[in-house]
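# Working through the structure, step by step
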Amino acid sequence: MKTIDLRSDTVTTPSAAMRRAISEAEVGDDVFEGDPTVKKLEDRVAKILGHEAALYVPSGTMANQVSLRMLTSPGDEILCERGTHIVNYEVAAASALSGVQLTPIDAPNGILTPDLIEPFIRPENIHHPNTAVIAVENTHNRAGGRVYPMELLRDIGDLARKNSLKYYLDGARIWNAAAFHGVSPSAIAEEFDAVSVCFSKGLGAPVGSAVVSSRDMIKKARRIRKMLGGGMRQVGIIAAAALYALENNFKRIAEDHRRAGILATRLAESGIFEIDPHEVQTNIVVIGLPAQLKLDTFIDKLKSNGLLVVPFGRARIRAVAHLNVDDNDISRAAEILVETAKTEI
Ligand SMILES: *Cc1c(COP(=O)(O)O)cnc(C)c1O
């Protein structure tokens, strides 16, 4: 029987139609700004996000690191939530590559508020790092795909502007946040000075992310990308897949949310796991294990029963709904989780 892979929304593979778009892509040398497919993708994503310009980059990590460098100078400080991707999953790149300090702020459920941020904004003083950026992540991965309320994003933006700070969004999953609120991605992105987005998560492209911002900022970003080794040549080959994903797969993202909700509900009904279906807002399901289940053993057992998930902190696992799983897969996944747990308890 086929293995159901819910480790991440990055595990999707290109469909026949996406492969066709790849094979038919017009290409050129993008370091010379001569790749028409990349240009088209950048124009499109800038427009969809309501910004002047965009830059295609190989990964979400590079999108974040290009952006943070673009928005700061060495000695600056970036305020962000403790569970964010830039703090936990980017190999300390902001300090290593840009000479800046990330100051993590604790927030209930991973969601920052102006009240939580304000005390961290430092007055000017020769001893202090220069507070330069407020960075938020929406949806928030470690917080289980949680979405910022729109009003809160605006209020944090007001705080940033009041203090002359740049406002940055790690929007790897902005598509999920927009689908959750039923708004266009631009309604979220327009609040920010710069935004990064991923094509290779919910949208299902094989590779790639983008940074959007003002024309001047993106000019700067293009130099930084080159410095980091991210200048690519006939890259329309993969940009074509991202363009296809953007045009075709955004509108189906709510399906993933519905399926994640079904999985969470089934697991809650079993009474075995620690999970509240009301907390599952998007495509990510974080499942708390009862004390009798050992994390690594349980994950191995799930694997031999045909289900892949990832560990997610102590005594928790993560399952993510995506483009390559259907209703049957989700039902089977719930069954495997419940039945495997029963045999282990
Ligand atoms: C996946 C992810 C990234 C980085 O993506 P890579 O392409 O794996 O480098 C950045 N931010 C968030 C919130 C993510 O989930």
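Fair warning: this is a prediction, and the values are worked out from it, not measured in the lab.

Structurally, Ser-196 can be placed in strand β7 (residues 194-198). Take Ser-196: its relative accessible area is 3%, and that puts it in the buried class. There is a polar contact of 3.0 Å between the side chain of Ser-196 and the side chain of Asn-64. A distance of 3.0 Å separates a polar atom in the side chain of Ser-196 from a polar atom in the side chain of Tyr-168.

Let us now look at the packing of helix α1 (residues 16-23) against helix α11 (residues 236-249). Contact geometry for α1 and α11: axes closest at 8 Å, N-to-C directions at 135°. What the angle tells us is that α1 and α11 run oblique. You can see that α1 and α11 cross each other, and the crossing is right-handed. Where α1 approaches α11, its residues Ala-17, Met-18, Ala-21 and Ile-22 are matched on the opposing element by Ile-237, Ala-240, Ala-241, Tyr-244, Ala-245 and Asn-249. Residues that form the contact of α1 with α11 fall into these classes: 9 nonpolar, 1 polar and no charged.

The ligand sits among Ser-59, Gly-60, Thr-61, Asn-64, His-85, Glu-90, Glu-137, Asp-170, Ala-172, Arg-173 and Lys-201. Contact between the ligand and Gly-60: an oxygen atom at 2.8 Å from a main-chain N or O atom of the residue. A distance of 2.9 Å is found between an oxygen atom of the ligand and a side-chain nitrogen or oxygen belonging to Arg-173. Burial of the ligand by the surrounding chains reaches 83%, relative to a free accessible area of 380 Å². Of the residues forming the shell around the ligand, the biggest block, 3 residues, is contributed by helix α3 (residues 60-71).

A word on helix α10 (residues 215-227). Counted at 1.5 Å a residue, the expected span for α10 with its 13 residues is 18 Å, and the 19 Å between its end C-alpha atoms agrees. If you check which residues of α10 are buried, you get Met-217, Ile-218, Ala-221, Arg-222, Ile-224 and Arg-225. Contact partners of the buried residues in α10: α2 (36-48), β2 (53-57), α3, β6 (166-171) and β8 (209-213). Remark: Gly-229 follows α10 within two positions and exhibits a positive phi of approximately 85°.

A few words now on the packing of α3 against α10. At a minimum axis distance of 9 Å, the contact between α3 and α10 shows a crossing angle of 120°. With respect to α10, the element α3 is oriented oblique. Pair α3 / α10 crosses with right-handed handedness. Mapping the contact onto sequence places Met-62, Val-66, Arg-69, Met-70 and Leu-71 in α3 and Met-217, Lys-220, Ala-221, Ile-224, Arg-225 and Met-227 in α10. When the residues that make up the contact of α3 with α10 are grouped by side-chain class, the tally is 8 nonpolar, no polar and 3 charged.

What counts and what doesn't
Residues numbered from 1 in each chain as written. Predicted model: local features only at pLDDT ≥ 70, side-chain atom pairs only at ≥ 80, totals over all residues. Heavy atoms only, no water. Helix = DSSP H or I, 4+ residues; strand = E, 2+ residues; numbered from the N terminus. Buried < 20%, exposed > 50% of the residue type's maximum accessible area, 1.4 Å probe, protein only. Polar contact = N/O pair within 3.5 Å; in protein donor to acceptor, adjacent residues only side chain to side chain. Axes fitted to C-alpha atoms, helices over the stretch in contact; angles between N-to-C directions. Parallel < 35°, antiparallel > 145°, perpendicular 65-115°, else oblique. Left-handed = near helix turned anticlockwise from the far one by under 90°. Contact = heavy atoms within 4.5 Å. Nonpolar A, V, L, I, M, F, W, Y, C, P; charged D, E, K, R; others polar. Near = heavy atom within 4 Å. Areas by Shrake-Rupley, 256 points an atom, 1.4 Å probe, with all protein chains shown as cover. Expected span 1.5 Å × (residues − 1).

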